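Notes for the structure review
The primary structure of each chain is shown beneath.
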Amino acid sequence: MSVTTPQGFLAAGVAAGLKSTGKPDLALIVNTGPARAAAAVFTSNRALANPILWSREVIRDGRVDAIVLNSGGANCFTGSQGFQTTHATAEAVAAAVGASATDILVCSTGLIGEQLDRDKLTAGVTAAAAALSETGGEDAAAAIMTTDTVPKTSEFLAPEWSIGGIAKGAGMLAPGLATMLVVITTDAVLDSAALDAALREATRVSFDRLDSDGCMSTNDQVTLLASGASGITPDLADFTGALTGVCRDLAEQLQGDAEGASHDIAIAVSGAATEEDAVEVGRSVARNNLFKAAIYGNDPNWGRVLAAIGTTSAPFDPYNVDVVFNGVRVCHEGAPDASRDLVDLTPRAVNIEIHLNNGSASATILTNDLTHDYVHENSAYAS
C-alpha cells in the first residue's frame, strides 16, 4: 500500500483533466496524526518551479498536514500567475482537509513553461479529498507518473512501526539533494529535526547517487512525513537505515524505468582517497556519453572509462587503475588485461568496477546507457 502502509495516512489519485490522455494526474496524501512532523529536500537547481518556492517556505516550521502532487504540468517559468495557481491549490487542499494552506506542500511535474489549468486543479483536489482512503497509496503513485511506464512504490515493516513510499521519474534524473518527486511516510514518533537528519543521510547515498542522464530537474523534491500513530520512537540509526533501504529501492526502480534505456549500469568505485573522490569519479563515467553509447552497443570499451576519470580532480595514478566489466577485469594497472571478448553486456544489468588503488573510500553511482529511444522520446516530449 506504499504511503498508506503506515498508520495515520490517507491517499487518493484522480484524473483532474490536466493530461490530454485522461489518465490520473493528481495525488493527495493526508497525515491524520496525531503528529504532523515533516522534512523535505529539494533540487539545488537555481531555476526553481513555483511549487518548490512554495514548499520551501511551508517546510520551515517542520509541520505538514498534507501534500498534493500533480502531473501534466511542471508549473515552472509561469510567472506570478503560476505561483498564484500553486497558492490556490494549497488553499483548496486546506479547505478540503481542515488545515492551513501554510501547512500544505505542493508538487508539480511535467512540461516547463505552460500554465496549469487552475480550475481543473482545484476541482481535482475536491475529487481527491472525497476519494481519500487507507488503501489509496497505489492510486497516488499512478497519478504522479509522467513518462514513467510503471508506478514506483516501496515499504519497510518493523514489528511496531513502518515506512512507505512512492516515486516518479524517468528522465532528468540527476542529483541535487533530491531527485524526481518522492513522498515517504512513517508512523514512527520522530520530530522534524530527526526526520531531516535521517532524510538527508538517506538521500545522500540513494537518490543523490542516481545519475541517469546528467540533467537536473527544476521540480525535484523528496518529502518525509511522520504521523506518530504507532506510538513508537525507534532508534534514529535504525530508522535511518530502514529509510535508506526504502530510498535505495525507489532509486533503483527509477533507474530501471529510465527513458529509453536498455541497460541499468552500476559504477562501483573503490580505493579512493575520500568518498567525495569516489563519487566524482563514478559520476564522471556516468555522464560520459561515449561510455554510455558504448554500453548501448554492448561494447566493453574500458578506454572510455579511463578517459572519463582522467577529467576529475580525484587523486590517483592512471597507470595503477583496474577496471572490471561484469566480472571480467579488462584493464589492470592502466593496461589491457583480459580480452574484451570475454565480457557479456547483453543482460540489462551492467556492473562496472573501478579500482583506483589510492585509499579505502568507495561509492556507487547508478546510471543508464544512451539509446536511440532516449533521443527520440526527449525530442518529441513536448508533443
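Look above for the structure.
Here's a quick rundown of the structure. (Residues numbered from 1 in each chain as written. Predicted model: local features only at pLDDT ≥ 70, side-chain atom pairs only at ≥ 80, totals over all residues. Heavy atoms only, no water.)

In regular strands, side chains alternate between the two faces of the sheet. Across the 9 residues that make up strand E10 (residues 264-272), a large majority, 7, are buried. Where E10 meets strand E14 (residues 349-355), 7 bridges bridge the pair, whose relative direction is parallel. Within E14, the position partnered with Ala-266 by the bridge is Asn-351. As judged from the 7 bridges shared by E10 and strand E15 (residues 361-368), these two strands associate in the antiparallel manner. Considered in E15, the bridge of Val-269 is made with Ala-363. (Buried < 20%, exposed > 50% of the residue type's maximum accessible area, 1.4 Å probe, protein only. Helix = DSSP H or I, 4+ residues; strand = E, 2+ residues; numbered from the N terminus. Pairing = 2+ DSSP bridges.)

Let us look at unusual backbone geometry. The omega angle of the peptide bond from Gly-33 to Pro-34 is 20°, so this bond is cis rather than trans. Relative to the elements of secondary structure, Pro-34 occurs in the loop between strand E2 (26-31) and strand E3 (37-42). The phi dihedral of Asn-75 is positive, around 50°, even though this residue is not glycine. Inspection of the secondary structure puts Asn-75 in the loop between strand E4 (66-70) and helix H2 (79-97). Positive phi outside glycine occurs at Asn-326, with the angle close to 45°. As for its placement among the helices and strands, Asn-326 is situated in the loop between strand E11 (322-325) and strand E12 (328-332).

A few words on the packing of aromatic side chains. Enumeration over the complete set of coordinates arrives at 3 aromatic pairs. Seen in terms of ring centroids, Trp-161 and Phe-239 are 5.7 Å apart; in terms of plane orientation they differ by 45°. Their pairing is tilted. Of this pair, Trp-161 sits in the loop between strand E6 (152-157) and strand E7 (162-168) while Phe-239 sits in helix H6 (residues 236-256), placing them 78 residues apart in sequence. Note on accessibility: Trp-161 and Phe-239 belong to one class, buried. These aromatic residues form a ring-pair network of at least three members: Phe-156, Trp-161 and Phe-239. (Phe/Tyr/Trp six-rings, centres within 6.5 Å; stacked < 30°, edge-to-face > 60°.)

Attention now moves to the sheet that holds E12. Read from one edge of the open sheet, 6 strands run E13-E12-E11-E14-E10-E15, paired in mixed fashion. Strands with a single pairing partner mark the edges of an open sheet, and in this sheet they are strand E13 (335-336) and E15. Helix H8 (residues 289-296) rests against E10, E11, E14 and E15 of the sheet, and its axis sits at about 130° to E10. Against the sheet, helix H9 (residues 302-309) contacts E11, E12, E13 and E14, and its axis sits at roughly 135° relative to E11. (Contact = heavy atoms within 4.5 Å. Axes fitted to C-alpha atoms, helices over the stretch in contact; angles between N-to-C directions.)

What follows is about helix H7 (residues 275-286). If you check H7, its first and last C-alpha atoms are 16 Å apart, about what 12 residues at 1.5 Å a residue would give, namely 16 Å. In terms of residue burial, H7 counts as a mostly covered element, since 9 of its 12 residues are buried. Buried-residue contacts for H7 involve E10, H8, H9, E14 and E15. (Expected span 1.5 Å × (residues − 1).)

Another point: the packing of H2 against helix H3 (residues 118-131). It is the contact of H2 with H3, at a shortest axis distance of 9 Å, that shows an interaxial angle of 20°. On the basis of the axis angle, H2 is roughly parallel to H3. As H2 runs across H3, the sense of the crossing is right-handed. Contacts from Gln-81, Gln-84, Thr-85, Ala-88, Thr-89, Ala-92, Val-93 and Ala-96 in H2 reach Arg-118, Leu-121, Thr-122, Val-125 and Ala-129 in H3. (Parallel < 35°, antiparallel > 145°, perpendicular 65-115°, else oblique. Left-handed = near helix turned anticlockwise from the far one by under 90°.)

Shape descriptors only; they carry no functional weight alone.
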